[in-house]
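Per-entry structural report
Below, each chain spelled out in residue letters.
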Amino acid sequence: MNDRIPGFGTLAVHAGAQPDPTTGARATPIYQTTSFVFNDADHAASLFGLQSFGNIYTRITNPTTAVLEERVAALEGGTAALAVASGHAAQLVVFQQLLQPGDEFIASRKLYGGSINQFSHAFKSFGWNVVWADPDDVPSFERAVTDKTKAIFIESIANPAGSITDIEAVAAVARKAGVPLIVDNTLATPYLIKPIDHGADIVVHSLTKFLGGHGNSLGGIIVDAGTFDWSKGNKYPVLSEPRPEYHGIKLQETFGNFAFAIACRVLGLRDLGPALSPFNAFLIQTGIETLPLRMQRHSDNAKAVAEWLSAHPKVAAVNYSGLSDNRYHTLARKYAPKGAGAVFTFSLKGGYDAGVSLVSNLKLFSHLANVGDTRSLVIHPASTTHSQLDDEAKTRSGAGPDVVRLSVGIEDKEDLIADLEQALNA
Ligand SMILES: *Cc1c(COP(=O)(O)O)cnc(C)c1O
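Residues numbered from 1 in each chain as written. Predicted model: local features only at pLDDT ≥ 70, side-chain atom pairs only at ≥ 80, totals over all residues. Heavy atoms only, no water.

Put simply, the rule reads: UniProt positions are given in the numbering used here, feature names are shortened, and annotations may be inferred rather than shown by experiment.
With an unreviewed UniProt entry as reference, the chain is termed O-acetylhomoserine aminocarboxypropyltransferase, source organism Tardiphaga robiniae. The record in UniProt for the chain states the following under Cofactor (unreviewed entry): "pyridoxal 5'-phosphate". Here is the UniProt Sequence similarities (unreviewed entry) comment for the chain, exactly as written: "Belongs to the trans-sulfuration enzymes family."

Some thoughts on the overall build of the chain
Basically, it comes down to this: What counts as a helix is a DSSP run of H or I of at least four residues, what counts as a strand is a run of E of at least two, and both are numbered from the N terminus. Summary of the burial criterion: residues with accessible area below 20% of their type's maximum are buried, those above 50% are exposed, and those between are partly exposed, where the area comes from a 1.4 Å probe applied to protein chains only. In what follows, residue pairs with any heavy atoms lying within 4.5 Å of each other are defined as contacts. For the area figures, the Shrake-Rupley method with a 1.4 Å probe applies, and any residue is considered shielded solely by the protein chains shown. Neither His nor the chain ends contribute to the count of charged residues, in which Lys and Arg are positive and Asp and Glu negative. Lys charges are placed at NZ, Arg charges at CZ, Asp charges at CG and Glu charges at CD.
Of the regular secondary structure elements, the chain holds 17 helices and 16 strands. Taken over 426 residues, the chain has a buried fraction of 56%. Considering only intrachain contacts with a sequence separation of at least 6, the fraction spanning at least 24 residues in the chain is 71%. For the chain, the computed accessible surface area is about 17,200 Å², with 53% contributed by carbon and sulfur atoms. Side-chain charges in the chain split into 35 positive and 42 negative, and the spacing between the mean points of these groups amounts to 2 Å.

Here we look at the site of the ligand
Threshold: We call a residue near a molecule or strand as soon as one heavy atom of that residue lies within 4 Å of the molecule or strand. Throughout this description, a polar contact denotes any pair of N or O atoms lying within 3.5 Å of each other; where both atoms belong to protein, one of them has to be capable of donating a hydrogen while the other can accept it, and for residues adjacent in sequence the pair is counted only when both atoms sit in side chains. In this count, Pro and Cys sit with the nonpolar residues alongside Ala, Val, Leu, Ile, Met, Phe, Trp and Tyr, while Asp, Glu, Lys and Arg are called charged and the others, Gly among them, polar.
Near the ligand, the surroundings consist of 14 residues, among which G87, D184, S206, T208 and K209 are the closest. In this structure, an oxygen atom belonging to the ligand sits 3.5 Å away from a side-chain N or O atom of S86. For the ligand, an oxygen atom lies 2.7 Å from a polar atom in the side chain of K209. Burial of the ligand by the protein chains amounts to 94% of its free accessible area of 370 Å². The element that contributes the greatest number of residues to the shell around the ligand is helix α4 (residues 87-98), accounting for three residues. Residue classes in the shell around the ligand are distributed as one nonpolar, 10 polar and three charged.

A word on the UniProt feature "modified residue: N6-(pyridoxal phosphate)lysine" (unreviewed entry) in the chain
Per the UniProt record, "modified residue: N6-(pyridoxal phosphate)lysine" (unreviewed entry) is annotated on K209. In this structure, K209 sits in the loop between β8 (202-206) and β9 (220-224). Classification of K209 by relative accessible area gives buried; the value is 9%. Other than its neighbours up to four places away in sequence, K209 contacts Y112, T186, N370, V371 and G372.

Here we look at the packing of aromatic side chains
Each aromatic ring pair is specified by the distance between its two centres and by the angle formed by the two planes. For clarity, the cut-off: Pairing of aromatic rings covers Phe, Tyr and Trp, the last counted by its six-membered ring, and requires centre-to-centre distances within 6.5 Å; plane angles under 30 degrees mean stacked, over 60 mean edge-to-face, and any other angle means tilted. Our definition puts a charge over a ring when NZ of Lys or CZ of Arg is within 6 Å of the ring centre and also within 35 degrees of the ring normal.
Under the defined criterion, the tally for this structure stands at 22 aromatic pairs. Taken together, a centroid distance of 5.0 Å and an interplanar angle of 90° make the contact between F105 and F119 edge-to-face. Residue F105 is found in strand β2 (residues 104-108), and its partner F119 is found in helix α5 (residues 113-125); the two are separated by 14 residues along the sequence. Of the two residues, F105 and F119, neither departs from the other in class, the shared state being buried. Within the aromatic cluster, the residues linked to one another by ring pairs are F95, F105, F119, F123, F126, W128, W132 and F153. Across from the ring centre of Y112, 4.6 Å away, lies the NZ or CZ of K209, which sits over that ring. Across the ring face of Y191, the terminal group of K338 is positioned such that the distance to the ring centre comes to 4.5 Å.

Digging into the nonpolar core
Operational definition: Nonpolar cores are built from buried Ala, Val, Leu, Ile, Met, Phe, Trp, Tyr and Cys residues. Side-chain atoms within 4.5 Å join them into one set. Each domain span listed reflects an automatic or database assignment of domains.
Counting 95 residues, the largest nonpolar core has F95, L98, I152 and I222 as the members making the most contacts within it. It is helix α11 (residues 259-272) that contributes the most residues to this core, eight residues altogether. Both of domain 1 (10-287) and domain 2 (291-425) provide at least three residues apiece to this core. Setting aside its immediate chain neighbours within four residues, I152 contacts I106, F141, V170, V173, A174, V179, P180, L181 and I182.

A few points about the environment of T330
Tracing the backbone through its elements, the reader meets T330 in helix α14 (residues 329-335). Along the chain, T330 and I164 lie 166 residues apart, while their C-alpha atoms are 9.3 Å from each other.

Here's the deal with the packing of helix α3 (residues 63-76) against helix α12 (residues 278-288)
A pair of packed helices is characterised by two quantities: the angle between their axes and the separation of those axes. Basically, it comes down to this: As a rule, the C-alpha atoms of each element are fitted with a line to give its axis, helices using only the stretch in contact, and angles between N-to-C directions run from 0 to 180 degrees. Take the far helix as your reference; a near helix turned counterclockwise from it by less than a right angle gives a left-handed crossing, and one turned clockwise gives a right-handed crossing.
In the contact formed by α3 and α12, the axes pass within 8 Å of each other and the chain directions differ by 35°. Classified by chirality, the crossing of α12 by α3 is left-handed. Of the residues in α12, those in contact with T64, T65, V67, L68, R71, V72 and L75 of α3 are P278, A281, F282, I284, Q285 and I288. Among the residues forming the contact of α3 with α12, the class breakdown is nine nonpolar, three polar and one charged.

What about the pairing of β8?
Definition in use: The rule for pairing is simple: two strands pair if DSSP sees at least two bridges between them.
Summarising burial for β8: five of the five residues are buried, a large majority. Residues I202, V204 and S206 line one face of β8 and the alternating positions V203 and H205 line the opposite face, and both faces are buried. Where strand β7 (residues 181-184) and β8 come together, three bridges link them in parallel fashion. Within β8, the residue paired with I182 across the bridge is I202. The sheet contact formed by β8 and β9 spans five bridges and is antiparallel. Its bridge partner being in β9, S206 is matched across the sheet by G220.

Written out as structure tokens, the structure reads:
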């Protein structure tokens, strides 16, 4: 019995948590404190020198946030995790450890619109150069590899159309190139897809979406798979070379298979500062307790809505990999056998105007720029999240002018379908 490996549902409730040693509180308390008292001067010095683990200051570690980190690391099958203030902060902190000015990384061109912006503009100003590849044409990743390539970045289930990326095929390209594969697993969550099982070296999430799950808290997380050898080829000096700010220690040599998570914490979070509030960590870990129940319901509802839309005369096409005629269906059955998630797009025969009008006539679906809430959400990407792209790039990233994106919630599916019906008939 003691040797049993707990299942996903058990880990979602318990991983990382125990009754509070001081008060017996069963739910993890919110340690809403900026700082922590040292035992003595030696203790303080050893914490600052990374000779022992412990809390100093909430920008770097916090006991409430630590439970969230341990829980997500357990659910993803990683060695360690680091929670930060948002999904975008997670991406910033990851790339800060990997790239020097002038370096390149290869990214799928089917990404969350905000990530396309972050990579194209903000990262460019740091001298970090994105090279785009097509997730539907895996050899395009291989063709993009140069001697400056330091990482490959994909989404497991990709925004906005919910397409499925062949993670194992891209992981093979990354291994051959000697660079880590980073997978944004936000839309899938580890309940539907565990990228580390398919060759990912680093997993990132916007906790804001399905992991938190209730549309009330921003957060992000970085999971270290512990699989990548950072000393190979001297490509990652942050991890393999002596750190001047920590008495010359080498992070990989000292911390082994969780060195990347440590680097993100003691360099990224410490120096860039995007710490998660302990209050948000509390709300997000409470959300994670019901992750398996919610994700199954999200996926089942999305499939029912997608099937209903496919049969509607005003609908031109439905892009949901959970439907058997979808081009990603074979990949969905391989990578996400429990369900294809909540997010998908469909297009209307009436084009741009019909898309805008549908969005404004829906009542139960909220028109807003988010996914992964318990509530059903709708957006017209071409006029909002992807509006900064030119028409060709919009269509290439699955956000053409006639496309509407849904994030199907956990309400009763009959009510969701009735709302779509009245809005399509309006
Ligand atoms: C929302 C989102 C992000 C960014 O996360 P924030 O928490 O909003 O910073 C990154 N990737 C995907 C797939 C997302 O949906």
